[in-house]
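Chain by chain, the residues run as shown.
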Amino acid sequence: MTDTIFSKIVRREIPADIVYEDDEVLAFRDLNPQAPVHVLFIPKQPLPTLDDAAAGDAELLGKLLLAAAAYAKREGFAGQGYRTVINTNEDGGQTVYHLHVHLLAGRRMHWPPG
């Protein structure tokens, strides 16, 4: 796996507006937000895509989603609603090949998303 901008954020080589961190997960505000709240939750240990995840990554994947839910509750918009998205590979819209969960909130989400 190549070194990504997210790996550099984890190592604090480039700045980010970090909103959540534990031993395995880091979350920061997206620089190109698609909603009033747009936060990316990433594993500190890089995993290029969801396709690269194995059975042994199940706990980490769960931790990413639980961290996003905890953040939504803590920030007070969980009751109103939010969307979590994992883009996978080019046609799925993935642009950084370090798995990440988008948390979007602060406006009504529409379906289909686009």
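Calculation notes
- Residues numbered from 1 in each chain as written.
- Predicted model: local features only at pLDDT ≥ 70, side-chain atom pairs only at ≥ 80, totals over all residues.
- Heavy atoms only, no water.
- Pairing = 2+ DSSP bridges.
- Helix = DSSP H or I, 4+ residues; strand = E, 2+ residues; numbered from the N terminus.
- Contact = heavy atoms within 4.5 Å.

Peer 1: Any chance you could break down the pairing of strand 1 (residues 18-21) for me, citing the residues and the numbers?
Peer 2: Note on strand geometry: in a regular strand, side chains alternate between the two faces of the sheet. Both strand 1 and strand 2 (residues 25-29) contribute to a ladder of 3 bridges, which runs antiparallel. Its bridge partner lying in strand 2, Ile18 is registered against Phe28. Here strand 1 folds back onto strand 2 in antiparallel fashion, the turn holding 3 residues.

Peer 1: With reference to specific residues and values, describe the environment of Leu61.
Peer 2: Within the element layout of this structure, Leu61 appears in helix 2 (residues 58-75). As for Leu61 and His100, which are separated by 39 residues in sequence, their C-alpha atoms are 9.7 Å apart. Excluding residues that lie within four positions of it along the chain, Leu61 makes contacts with Leu50, Ala53 and Leu99.

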